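Structural features, examined
The lines below spell out each chain.
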Amino acid sequence: MIGKVLGTLFGFMFARIPGAILGFFVGHMFDKGYGQDFNQMGGFSRFFASQDQLKSQAIFFHSLFSVMGHIAKVDGKVTDAEIRMASHLMDTMGLKGDMRAEAQQAFREGKAADFPLKQTITEFAKSCHGRRDILQVYIEILIQAAYVDGKLDKAEIGILEKVAQYSGFAHNDLLYLISAFEAEIRFRQNQQQGQNRQSNKAYSGADSLADAYRILGVSVSDDDKTVKKAYRKLMGEHHPDKLVSKGLPEQALELAKNKAQDIQAAYELIKQKRGFR
């Protein structure tokens, strides 16, 4: 309805009666087509100018925060830490005003007992044309959210397994992503401490190297060629420019950058220990 009203008014302003008729027709087409898509995609849709952005970004945000709310509620109670985590993620993404309100509403929707997890994930996967790199970043963010209390309980893992399944990821793929994330936490904290063993005596140089291998998804027994190949593959999957070109919202770029930095730091440590260029 709003399309027909605005189209008629603007058409009349510029070309009187003929313009009003034309404007009414254009507005009608908007209400019938674009307007319908906007309603189906949720409130996030109005923040993006094109249908491509609508499908790959509006659904991304709604799916991300609603599933995040579903994971938080799965053990029966949403903790203060989980709420702070969601708020921190919104801060990191720079979500403010109406966009933040939409994210908060999506988070609340995910807490409902009848939340349609499978439908939400499959629609998101379809919207990004099944691009594995975008889906992987999506799963990695959800792992980070579920890990806010420092561990993953059985119920949270169960939800993540369903998310991975509906996204086309094998069980072993999910296990690797979880293991890599846990390694990244330890590795990043150690890097930030500047190799200060007094602040973390339990975490040795050998531990740091072992985690670097886990981050790359390779083992110490793999040859240099395999290590380099794994590094290039991971950097290709998490390169911010490539992810944006494939549909990752710019607001999620900071998370991708952090991941890429961890991959780079892990590779540099392995290179140093192995002595190759």
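Above this note sits the structure.
Anyway, here's the lowdown on the structure attached to this text. (Residues numbered from 1 in each chain as written. Predicted model: local features only at pLDDT ≥ 70, side-chain atom pairs only at ≥ 80, totals over all residues. Heavy atoms only, no water.)

Comments concerning the nonpolar core
Judged by nonpolar contacts, the single largest core of 53 residues is most densely connected at Leu 64, Phe 65, Met 68, Met 93 and Tyr 138. Going through the elements one at a time, helix 3 (51-73), helix 4 (80-92), helix 5 (97-110), helix 6 (117-127), helix 7 (132-146), helix 8 (154-166), helix 9 (171-192) and helix 13 (253-274) are the ones with two or more residues in this core. Per-element tally for this core: the top contributor is helix 7, with ten residues. Not counting the four nearest positions on each side in its chain, Leu 64 is found in contact with Leu 89, Met 93, Tyr 138, Ile 141 and Leu 142. Listed in part, the 21 residues of the second largest apolar core include Tyr 203, Leu 209, Ile 270 and Phe 276. (Core = buried A, V, L, I, M, F, W, Y, C linked by side-chain atoms within 4.5 Å. Buried < 20%, exposed > 50% of the residue type's maximum accessible area, 1.4 Å probe, protein only. Helix = DSSP H or I, 4+ residues; strand = E, 2+ residues; numbered from the N terminus. Contact = heavy atoms within 4.5 Å.)

A few points about the packing of helix 9 against helix 10 (residues 205-216)
Contact pair helix 9 / helix 10: the axes reach a minimum separation of 8 Å and the direction vectors enclose 140°. Classified by the angle between their axes, helix 9 and helix 10 sit oblique to one another. Here helix 9 and helix 10 pass one another in a crossing that is left-handed. Two secondary-structure elements touch here, helix 9 through Tyr 176, Ser 179, Ala 180, Ala 183, Glu 184, Arg 186, Phe 187, Asn 190 and Gln 191 and helix 10 through Ser 208, Asp 211, Ala 212, Arg 214, Ile 215 and Leu 216. Residues that form the contact of helix 9 with helix 10 fall into these classes: seven nonpolar, four polar and four charged. (Axes fitted to C-alpha atoms, helices over the stretch in contact; angles between N-to-C directions. Parallel < 35°, antiparallel > 145°, perpendicular 65-115°, else oblique. Left-handed = near helix turned anticlockwise from the far one by under 90°. Nonpolar A, V, L, I, M, F, W, Y, C, P; charged D, E, K, R; others polar.)

Points about helix 10
In this model, helix 10 (twelve residues) spans 17 Å end to end at C-alpha, consistent with the 16 Å of a helix rising 1.5 Å per residue. Residues of helix 10 that are buried: Ser 208, Leu 209, Asp 211, Ala 212, Tyr 213, Ile 215 and Leu 216. The secondary structure elements touched by the buried residues of helix 10 are helix 9, helix 11 (224-238) and helix 13. One or two positions beyond helix 10, positive phi appears at Gly 217, with a value near 75°. (Expected span 1.5 Å × (residues − 1).)

Things to note about the packing of helix 4 against helix 5
At their nearest, the axes of helix 4 and helix 5 sit 11 Å apart, and the two run at 150° to each other. As judged from the angle between their axes, helix 4 and helix 5 are roughly antiparallel. Judged by the sense of rotation from one axis to the other, the crossing of helix 4 with helix 5 is right-handed. Between helix 4 and helix 5, the residues in contact are Ala 86, Ser 87, Met 90 and Asp 91 and Arg 100, Ala 103, Gln 104 and Phe 107, respectively.

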